[in-house]
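Below are the chains, spelled out letter by letter.
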Amino acid sequence: TSVLEMASCIILSGSDRSARDDVDARDATRTCLAYSAEFAVPLLGVCYGMHRLMQHHGATVTTGLFRSGKYDVDAASGARFRLAFECEDFVSAAPPTFRVVLDHPAHGVVLVTNGMSGGRATGAAFHPEASEDGRRLLHLWLSGVDMVGA
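A quick note: this is a predicted structure, and the numbers were derived from the prediction, not measured.

Conventions adopted
Residues numbered from 1 in each chain as written. Predicted model: local features only at pLDDT ≥ 70, side-chain atom pairs only at ≥ 80, totals over all residues. Heavy atoms only, no water. Helix = DSSP H or I, 4+ residues; strand = E, 2+ residues; numbered from the N terminus. Buried < 20%, exposed > 50% of the residue type's maximum accessible area, 1.4 Å probe, protein only. Pairing = 2+ DSSP bridges. Axes fitted to C-alpha atoms, helices over the stretch in contact; angles between N-to-C directions. Contact = heavy atoms within 4.5 Å. Arc of directions from axis to C-beta. Polar contact = N/O pair within 3.5 Å; in protein donor to acceptor, adjacent residues only side chain to side chain.

Participant: Would you explain unusual backbone geometry in this entry?
Facilitator: Leaving glycine aside, a negative phi is the common case for residues, and trans is the common case for peptide bonds. Positive phi values are uncommon outside glycine, yet Ala40 reaches one of about 55°. Topologically, Ala40 is positioned in the loop between α1 (26–39) and β2 (43–46). By relative accessible area, Ala40 is classed as partly exposed at 43%. A positive phi angle is found at Cys47, which is not glycine, with a value near 55°. As for its position among the elements, Cys47 is in the loop between β2 and α2 (48–56).

Next up, the structure:
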């Protein structure tokens, strides 16, 4: 039995590395994404993990302005979230199979999700554990709530 076979969800975590340069992790990312899609296991990419997810689906990851800290991010629904960022990687546009839930001028695509592949892949450019609003969004994801319109 592999670790993936025991998983009820998969989290591609943050890292001190850049998704632009780290070719070593691409096989592991592909393995996790394939398993998520085949067996309908929810997948969450956090910071580095989100950028890996976006790369895998064809988005370009570039260098943004590194601004570590907490920033207000407004949703189309009018909700405002205070979220913590720790990364200089930047995605300006999500792949066509993903919906952008939150974006920010300095941080690009902040939260994306798809309803495809059964695995409900979601990417968060922020660190959900580092702010109250981030933890709330993480709780929604863990609860299976569709975050579009969050």
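Participant: Help me understand the sheet that holds strand β9 (residues 121–124), please; the structure alone is not making it clear to me.
Facilitator: Paired through their backbone hydrogen bonds, the strands of a sheet run either parallel or antiparallel. Strand order in the open sheet made by the five strands is β1-β2-β9-β8-β7, with mixed pairing throughout. The open sheet has two free edges, formed respectively by β1 (10–12) and β7 (99–104), since each of these has just one partner strand. Each strand of the sheet is rotated relative to its neighbour by a mean of 20°, with strand direction disregarded. Here α1 sits on the sheet and contacts β1 and β2; the angle it forms with β1, its principal contact strand, is near 150°. Against the sheet, α2 contacts β1, β2, β8 (108–113) and β9, and its axis sits at roughly 115° relative to β2.

Participant: Can you help me understand the environment of Ala76 in this one?
Facilitator: With respect to the secondary-structure elements, Ala76 resides in the loop between β4 (69–74) and β5 (80–85). When the C-alpha positions of Ala76 and Leu102 are compared, they lie 7.7 Å apart, and in sequence the two are 26 residues distant.

Participant: I'm lost on helix α3 (residues 132–142) in this one. Help?
Facilitator: In an α-helix, one turn spans 3.6 residues, which is why side chains three or four residues apart end up on the same side. Of the residues making up α3, those classed as buried are Asp133, Gly134, Leu137 and Trp141. Projected down its long axis, α3 carries its buried residues within an arc of 105°, all on one side. For α3, the exposed residues set more than 90 degrees away from the buried face come down to Glu132, His139 and Leu142. Next to the buried residues of α3 lie β1, β2, β5, β7 and β9. Backbone geometry just after α3 places Gly144 at a positive phi near 85°.

Participant: In this structure, what is going on with the side chain of Arg52? I would like to understand it.
Facilitator: Mapped onto the fold, Arg52 is located in helix α2. There is a polar contact of 2.6 Å between the side chain of Arg52 and the side chain of Gln55.

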